[in-house]
Amino acid sequence: MMYMGKAVVYRYMNAHYKSLKASLKASQYFDPKHDTESYFDSLLEVARSYYLLGYYADAGPMLSMLQPSLSELNSSLRAKYYDTLLSSLMSLDQTKIPEVIENMRTDVEEKNIYWLNVVYIANILGLKDLAVEAMDKYRIHNPDYEDNLAYHGVAVGLFNDSGQYLEASKSYRKYAEGVEKMLMNLVESDILNIEQINMA
């Protein structure tokens, strides 16, 4: 569990190589027969790290290896699998994406699907109706979406491409303000750490 926690933290810090190492260590501690979901989750983190590091040739086979175990997993882990697969296919084989999205909608509870990633991918591929539908689904299952920085980051592209320039401008402003606030918090945290080191 400790290594899985580290892997997730490192991923959010964009320290993807460290996340990969922690995920690989975590996978060694889980018994695939008795801890199937934990084992699967750790290997999914490995696949995500491969993708985020640009090791697409490694991410693909890892996801293929995991596919036969999907039926044994809960909806949240299946959603995570499909989200990682869709992201990888953007670099490996975009022609498979529509079919994978259909399979995901059959295999995963609607509330668990990573709808923002579907919006992002569908918009890039020119699947406008799907992008709009996915955004509606995201809003339904996330009523506080206006407070979500990721939502505004994705919404900018969708609004722009559909000619809703005023909405795009509003989302861009909220996204930029959110990023600025996040960066300021990081700077303040770094300054505090430096001051604590100097006082030691």
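Nothing here was measured: the structure is a model prediction, and the numbers come from that model.

About the criteria used
Residues numbered from 1 in each chain as written. Predicted model: local features only at pLDDT ≥ 70, side-chain atom pairs only at ≥ 80, totals over all residues. Heavy atoms only, no water. Core = buried A, V, L, I, M, F, W, Y, C linked by side-chain atoms within 4.5 Å. Buried < 20%, exposed > 50% of the residue type's maximum accessible area, 1.4 Å probe, protein only. Helix = DSSP H or I, 4+ residues; strand = E, 2+ residues; numbered from the N terminus. pLDDT = per-residue confidence, 0-100. Contact = heavy atoms within 4.5 Å. Polar contact = N/O pair within 3.5 Å; in protein donor to acceptor, adjacent residues only side chain to side chain. Salt bridge = Lys/Arg side-chain N within 4 Å of Asp/Glu carboxyl O. Phe/Tyr/Trp six-rings, centres within 6.5 Å; stacked < 30°, edge-to-face > 60°. Lys NZ or Arg CZ within 6 Å of the ring centre and 35° of its normal. Axes fitted to C-alpha atoms, helices over the stretch in contact; angles between N-to-C directions. Parallel < 35°, antiparallel > 145°, perpendicular 65-115°, else oblique. Left-handed = near helix turned anticlockwise from the far one by under 90°. Nonpolar A, V, L, I, M, F, W, Y, C, P; charged D, E, K, R; others polar.

> Looking at this model, I keep getting lost on the nonpolar core. Mind explaining?
Most often, soluble globular proteins keep nonpolar side chains buried together rather than apart. Counting 44 residues, the largest nonpolar core has Tyr81, Tyr82, Met104, Val118 and Met135 as its most contacted members. For this core, the secondary structure elements donating two or more residues are helix H3 (36–52), helix H4 (56–66), helix H5 (75–92), helix H6 (97–107), helix H7 (115–124), helix H8 (128–141) and helix H9 (149–161).

> Any chance you could explain the confidence of the model for the protein here in plain terms?
Do not read the predicted coordinates in detail wherever pLDDT is low. Of the residues in the protein, 85% reach a pLDDT of 70 or more, and the chain-wide mean stands at 84. Ignoring residues within four places in sequence, the model shows residues 190–200, a span with pLDDT below 50, making zero contacts including any to other chains.

> Would you mind going over the environment of Asn74 with me for this structure?
Looking at the secondary structure, you find Asn74 in the loop between H4 and H5. For Asn74, a relative accessible area of 33% translates into the label partly exposed. Between the C-alpha atoms of Asn74 and Asp107, which are 33 residues apart in sequence, the distance is 10.0 Å. In terms of polar contacts, Asn74 uses its side chain to reach the backbone amide nitrogen of Ser76, at 3.1 Å.

> Just checking my understanding: could you explain the pattern of salt bridges for this structure?
Any two side chains of opposite charge can pair, given that their charged atoms come close. Applying the stated rule across the entire model yields ten salt bridges. Taking the shortest distance from any N to any O, the salt bridge between Lys111 and Glu109 comes out at 3.8 Å. Look at Glu109 and you get partly exposed, because its relative accessible area is 43%. A salt bridge links Glu146 to Lys174, with the nearest nitrogen and oxygen atoms 2.9 Å apart. Note that Glu146 is positioned in the loop between H8 and H9 and Lys174 in helix H10 (residues 165–199), a separation of 28 residues in sequence. Note on Glu146: relative accessible area 39%, which makes it partly exposed. Taking the relative accessible area as the measure of exposure, Lys174 reaches 37% and is therefore partly exposed. Residues participating in the shared-partner salt-bridge network are Asp41, Glu45 and Lys80.

> Honestly, the packing of aromatic side chains in this entry has me stumped. Any pointers?
Scanning all chains against the criterion turns up six aromatic pairs. Arranged with centres 6.4 Å apart and planes meeting at 50°, the rings of Tyr50 and Tyr55 form a pair that is tilted. Judged by its relative accessible area of 38%, Tyr55 falls in the partly exposed class. Both rings, one in Tyr51 and one in Tyr56, keep their centres 5.7 Å apart while their planes meet at 50°; by these two values the pair is tilted. Given the relative accessible area of 23%, Tyr51 is considered partly exposed. Taken together through their ring pairs, the aromatic side chains of Phe40, Tyr81 and Tyr82 make up a single cluster. Note that Arg139 overlies the ring of Tyr145, its terminal NZ or CZ placed 5.7 Å from the centroid.

> Can you walk me through the side chain of Glu45 in this structure?
Relative to the helices and strands, Glu45 resides in helix H3. Here Lys80 takes part through its side chain, which lies 2.8 Å from a polar atom of the side chain of Glu45.

> Explain the packing of H5 against H7 to me, please; I cannot follow it from the model alone.
When two helices pack together, their arrangement is given by the angle between the helix axes and by the axis-to-axis distance. In contact at an axis separation of 11 Å, H5 and H7 are set at 25° when each is read in the N-to-C sense. Classified by the angle their axes make, H5 and H7 are roughly parallel. Between H5 and H7 lies a crossing whose hand is left-handed. Contacts between H5 and H7 involve Asp83, Leu86, Ser87 and Met90 on the former and, on the latter, Asn117, Ile121 and Ile124. Looking at side-chain class alone, the contact of H5 with H7 contains four nonpolar, two polar and one charged residues.

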